[in-house]
2 protein chains.
Amino acid sequence: MTEPLTTGATIGILGGGQLGRMLSVAASRLGFKTCVFEPGGDCPASHVSNFHFKAAYDDEEALRRFAKAVDVVTYEFENIPTAALDLIESLVPVRPGREALRVSQDRLTEKDFLSGLGLTTAPYAAVTTQEDLEAAIEKIGLPAILKTRRFGYDGKGQARIMQAGDAAAALEDMAGQEAILEGFVDFSHEVSVIGARSAWGDVACFDPGGNVHEGGILRTTTVPARLSTAQRTDAVLMAGKILNALDYVGVMGVELFVTPQGLVVNEIAPRVHNSGHWTQQGCTVDQFEQHIRAVAGWPLGDGSRYADVVMENLIGEDMEKVPGIAEERDASLHLYGKADVKPGRKMGHVNRIIRQG
Amino acid sequence: MTEPLTTGATIGILGGGQLGRMLSVAASRLGFKTCVFEPGGDCPASHVSNFHFKAAYDDEEALRRFAKAVDVVTYEFENIPTAALDLIESLVPVRPGREALRVSQDRLTEKDFLSGLGLTTAPYAAVTTQEDLEAAIEKIGLPAILKTRRFGYDGKGQARIMQAGDAAAALEDMAGQEAILEGFVDFSHEVSVIGARSAWGDVACFDPGGNVHEGGILRTTTVPARLSTAQRTDAVLMAGKILNALDYVGVMGVELFVTPQGLVVNEIAPRVHNSGHWTQQGCTVDQFEQHIRAVAGWPLGDGSRYADVVMENLIGEDMEKVPGIAEERDASLHLYGKADVKPGRKMGHVNRIIRQG
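Residues numbered from 1 in each chain as written. Chains lettered and ligands numbered in written order. Predicted model: local features only at pLDDT ≥ 70, side-chain atom pairs only at ≥ 80, totals over all residues. Heavy atoms only, no water.

Per an unreviewed UniProt entry, chain A is named N5-carboxyaminoimidazole ribonucleotide synthase, and its organism is Roseovarius bejariae. Turning to chain A, the UniProt record has this under Subunit (unreviewed entry): "Homodimer." Its UniProt record, at the heading Sequence similarities (unreviewed entry), says of chain A: "Belongs to the PurK/PurT family." (UniProt positions renumbered as here; feature names shortened; annotations may be inferred.)

A. Focus on the nonpolar core. Counting 94 residues, the largest nonpolar core has Phe-32 of chain A together with Phe-32 of chain B as its most contacted members. Phe-32 of chain A has contacts with Leu-5, Thr-6, Thr-7, Ala-9, Ile-11, Ala-27, Ile-292, Ala-296 and Trp-298 of chain A together with Arg-21 of chain B, leaving out every residue within four places of it along the chain. If you look at the next biggest cluster of nonpolar residues, it comprises 24 residues, including Ala-100, Val-103, Leu-114 and Leu-119 of chain A. (Core = buried A, V, L, I, M, F, W, Y, C linked by side-chain atoms within 4.5 Å. Buried < 20%, exposed > 50% of the residue type's maximum accessible area, 1.4 Å probe, protein only. Contact = heavy atoms within 4.5 Å.)

B. Here's a closer look at the pattern of salt bridges. Under the counting rule described, the total for this entry stands at 56 salt bridges over all chains. Among the salt bridges present, the one from Asp-302 of chain B reaches Arg-329 of chain A, with a minimum N-O distance of 3.7 Å. Of this pair, Asp-302 of chain B sits in the loop between helix H10 (287-295) and strand E15 (308-315) while Arg-329 of chain A is found in the loop between helix H11 (322-325) and strand E16 (331-335), placing the two residues in two different chains. Take Asp-302 of chain B: its relative accessible area is 15%, and that puts it in the buried class. Arg-329 of chain A gets classed as exposed once you look at its relative accessible area, which sits at 54%. Note that Glu-182 of chain B and Lys-147 of chain B form a salt bridge whose closest N and O atoms lie 3.0 Å from each other. Of this pair, Glu-182 of chain B sits in strand E8 (residues 179-183) while Lys-147 of chain B is found in strand E6 (residues 144-148), placing the two residues 35 residues apart along the sequence. Classification of Glu-182 of chain B by relative accessible area gives buried; the value is 4%. For Lys-147 of chain B, a relative accessible area of 7% gives the class buried. What you see here is one network of salt bridges that share partners, running through Arg-219, Glu-312, Asp-318, Lys-321, Glu-328 and Arg-352 of chain A. (Salt bridge = Lys/Arg side-chain N within 4 Å of Asp/Glu carboxyl O. Helix = DSSP H or I, 4+ residues; strand = E, 2+ residues; numbered from the N terminus.)

C. Spotlight on the domain arrangement of chain A. One can read the domain layout of chain A as domain 1 (10-94), domain 2 (123-183) and domain 3 (189-354). If you average the C-alpha positions of domain 2 of chain A and of domain 3 of chain A, the two centres end up 28 Å apart. (Domains from an automatic or database assignment.)

D. Up close: the interface of chain B and chain A. Residue-level contacts link 43 residues of chain B with 43 residues of chain A. Regarding the contact of chain B and chain A, the summed buried area is about 3,400 Å², with carbon and sulfur atoms giving 52% of it. For chain B, the biggest contributors to the area lost against chain A are His-47, Thr-284 and Tyr-306 of chain B; these three give 17% of the whole. Our count for the contact surface shared by chain B and chain A stands at four salt bridges. For the pair chain B and chain A, the number of links is 22 residue pairs in polar contact (both at pLDDT 80 or more). For the side of chain B that touches chain A, the secondary structure elements donating two or more residues are helix H1 (18-29) and strand E16 (331-335) of chain B. Tallying contributions element by element places E16 of chain B first for the side of chain B that touches chain A, with five residues. Across the side of chain B that touches chain A, the residue classes break down as 17 nonpolar, 13 polar and 13 charged. (Buried area = accessible area lost by both parts, 1.4 Å probe. Polar contact = N/O pair within 3.5 Å; in protein donor to acceptor, adjacent residues only side chain to side chain. Nonpolar A, V, L, I, M, F, W, Y, C, P; charged D, E, K, R; others polar.)

E. Region of the structure containing the relation of the copies chain B and chain A. Its rotation angle being 180°, the transformation that places chain B on chain A also includes 0.0 Å of axial translation and leaves an RMSD of 0.0 Å. Look at the turn and shift together and you get a two-fold axis relating the two. Across chain B, the smallest distance between a C-alpha and the rotation axis is recorded for Val-48 of chain B, namely 2.0 Å. Comparing interface residues between copies, 100% of those in chain B also lie at the interface in chain A; the contact surface is shared. (Least-squares fit on C-alpha atoms with pLDDT ≥ 70 in both.)

F. Region of interest: helix H3 (residues 82-89) of chain A. All names here are of chain A. Regarding H3, the residues found buried are Ala-84, Leu-85, Leu-87 and Ile-88. Looking straight down H3, one finds its buried side chains confined to an arc of 165°; they lie on one side. Contacts made by the buried residues of H3 are with strand E1 (10-14), helix H2 (60-69), strand E4 (72-75) and helix H4 (98-104). (Arc of directions from axis to C-beta.)

So this is what it looks like as structure tokens:
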């Protein structure tokens, strides 16, 4: 795939959640059709896509038909089974490429990759056995946090170790999965950079946003973030370094801790990111369109910001606030069309424009 | 239908063009599903809707199934066959209501309605026969413009009469359809107000935009429009008067001529309007979401403007400009996914943010 896709081309999206939904809408703005592959039935992305393959990730026949129905494939989550990707990739280009997935699917590989680029991460050590854990605590100190190497998100698969006595229970929480012990970073706040890289290596980053988490789940992102000009530049350069090293095509979320000694990379996500939802109101080209542009072989769009925005996630029972938000001034509501409200489930978000003066 | 619709409810849309497409996307933002009724096959709205009834407007069985599949029905164009509406309305609420359609489907009825409200329109007279036309020219003077009373859009069904000798040919152009002769208004420019009215009578108007037409087709809309504060207030009050008189629910486009003697109503459109596309970039709630909010029984959103915008339509061969626009700063591109480029066909639009200073 060397030519940019044009009106009528079809973009395949693996995963049918809210990120796939907003990617699909962005694709439609550029005249593309979308085809979503998602085992679940009435999924958010299927409401706004042309086609929905409702099939399992090990259904080879469905994967093959999906790959043949589309011009390029992208994804909304990083934990796609390897066998499914092997099959799809034999039939149609996948963007971002495999290297980004390989690195980001495993917290240990990711930390090794980032350290290898000369970037600072939290201190870390691989943990499989009780002995590993003891050695890791010895090296890193406490408090620390034990995480499964794979398949964790929104605080799942994590256990804090505040004192030595917590270690055994934390290891048990890993249920035999390979893990990584991470030291705490003494940071003042967290920011994230939503970076993008085109098929020919141009890089563009959105203005960094300041994140606030609660219970391991992103609560708000605010732009502009509290950063000095030097920190802002650093953040963008770090994101660019990561994107280039992976020969990345698409949008990536890079979470950074702000410390007195400089920025520390928390984690990277090879996809559009919750902390980039504010771009829907503050920029002419949002993160979803930016990703679709890169994947479709288009030039990156102008992601410069023309408004101050606070994004707030609507999680679980926050849905009860919707009637009130609907009456707010300067508030843009985005609901994901999920039928069931569950605790901790991301149901939507609201972008509030903050006017000057 | 007295309760506001909630996540998972389905909004039916008659017509599957670009307006239906953008209505469908807006509905998804509020968590709604959409079902499009459109005789054409690969229509723009079907790309981003849950369901597409591909059937003719006289297919009663399809209309019945459509009406039963949705919670409320709206439309993207005003020339919906009456029999189809009768059938749908017997099964499910239709918003905006029939009165707005009755008035706006017929240029003569529309002018009578507007005059009845005390608003100024171009001088006009009904024309069916040669004698009517002569009397009308006598009354109104020349130049004037002869238009079919029904089914005209984008300059179609219109013939200019510059001098008495043009009259016979103009009448022939009407092909026997009932017509209306309209005098020319000596205006400096045209503006339009995109007004909205909720199910319980709240009214909200977007900032008026200044329109430039070419060959009878809208070319650009610019906000803010060149209007004095008094004119701006007048424009909004006039739109409010029209919305209230029709007990209207939804978004309406009101085109106004600016003259030294005051504002003259050119025409009204009982739907989202091309001259309101700028709201996608300049407001937290755009005209499409505003319409969906009204139709769904939600409160109107805050349509106040936080950016200056110029909207430019991409018509026919303008599609060749797309690669260049894709690289522009501060430009937001909206393509409609239409497979075939035809002269005069609206293929997309671009909203350009104009920064201060």
